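Survey of secondary and tertiary structure
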Amino acid sequence: MNSRTIETFGWIGAMCILGAYALVSMGKIGSGSLSFQLLNFVGALGVTLVSWKKRAYQPAIPNLAWAFVALAALTRLVG
């Protein structure tokens, strides 16, 4: 994957996390909703990818954990 693609995924990830927080804060979606969990999962993966590529492990590790939490919630919601 080239650098531009990874940067794009990173920006999409950041916007997904920000969007999820904004939507919950404004009462548009619930924190237990499928859309909230999907936004957090995609967002965390995007930030993890760009952070790992740049060898910025401090944001990569918590975002990877964030992705696992969102994945667990998604599994509970779908299953």
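Residues numbered from 1 in each chain as written. Predicted model: local features only at pLDDT ≥ 70, side-chain atom pairs only at ≥ 80, totals over all residues. Heavy atoms only, no water.

**A closer look at helix H2 (residues 34–53)**
Here H2 is 20 residues long and its end C-alpha atoms lie 29 Å apart, about the 28 Å a rise of 1.5 Å per residue gives. Of the positions making up H2, those classed as buried are Phe36, Gln37, Asn40, Gly43, Ala44, Gly46, Val47, Thr48, Val50 and Ser51. Against helix H1 (3–25) and helix H3 (57–78) lie the buried residues of H2. Among the residues trailing H2, Arg55 stands out with phi positive, at a value near 60°. (Helix = DSSP H or I, 4+ residues; strand = E, 2+ residues; numbered from the N terminus. Expected span 1.5 Å × (residues − 1). Buried < 20%, exposed > 50% of the residue type's maximum accessible area, 1.4 Å probe, protein only. Contact = heavy atoms within 4.5 Å.)

**Description of the environment of Ala72**
Looking at where Ala72 falls in the secondary structure, it is placed in helix H3. Looking at Ala72, the relative accessible area reads 49%, which means it is partly exposed. The spatial distance from the C-alpha of Ala72 to the C-alpha of Ser25 is 22 Å, given a sequence separation of 47 residues.

**Some remarks on a nonpolar patch on the surface**
A cluster of nonpolar side chains, Met1, Phe9, Ile12, Val42 and Leu49, forms an exposed patch at the surface whose accessible area comes to about 460 Å². Of all the elements in the fold, those that place two or more residues in the nonpolar patch are H1 and H2. Here Ile12 shows up in helix H1. Residue classification places Ile12 among the partly exposed positions, given a relative accessible area of 41%. (Patch = residues over 30% accessible without salt bridge, like charges linked within 9 Å, V, L, I, M, F, W, Y side chains within 5 Å. Areas by Shrake-Rupley, 256 points an atom, 1.4 Å probe, with all protein chains shown as cover. Salt bridge = Lys/Arg side-chain N within 4 Å of Asp/Glu carboxyl O.)

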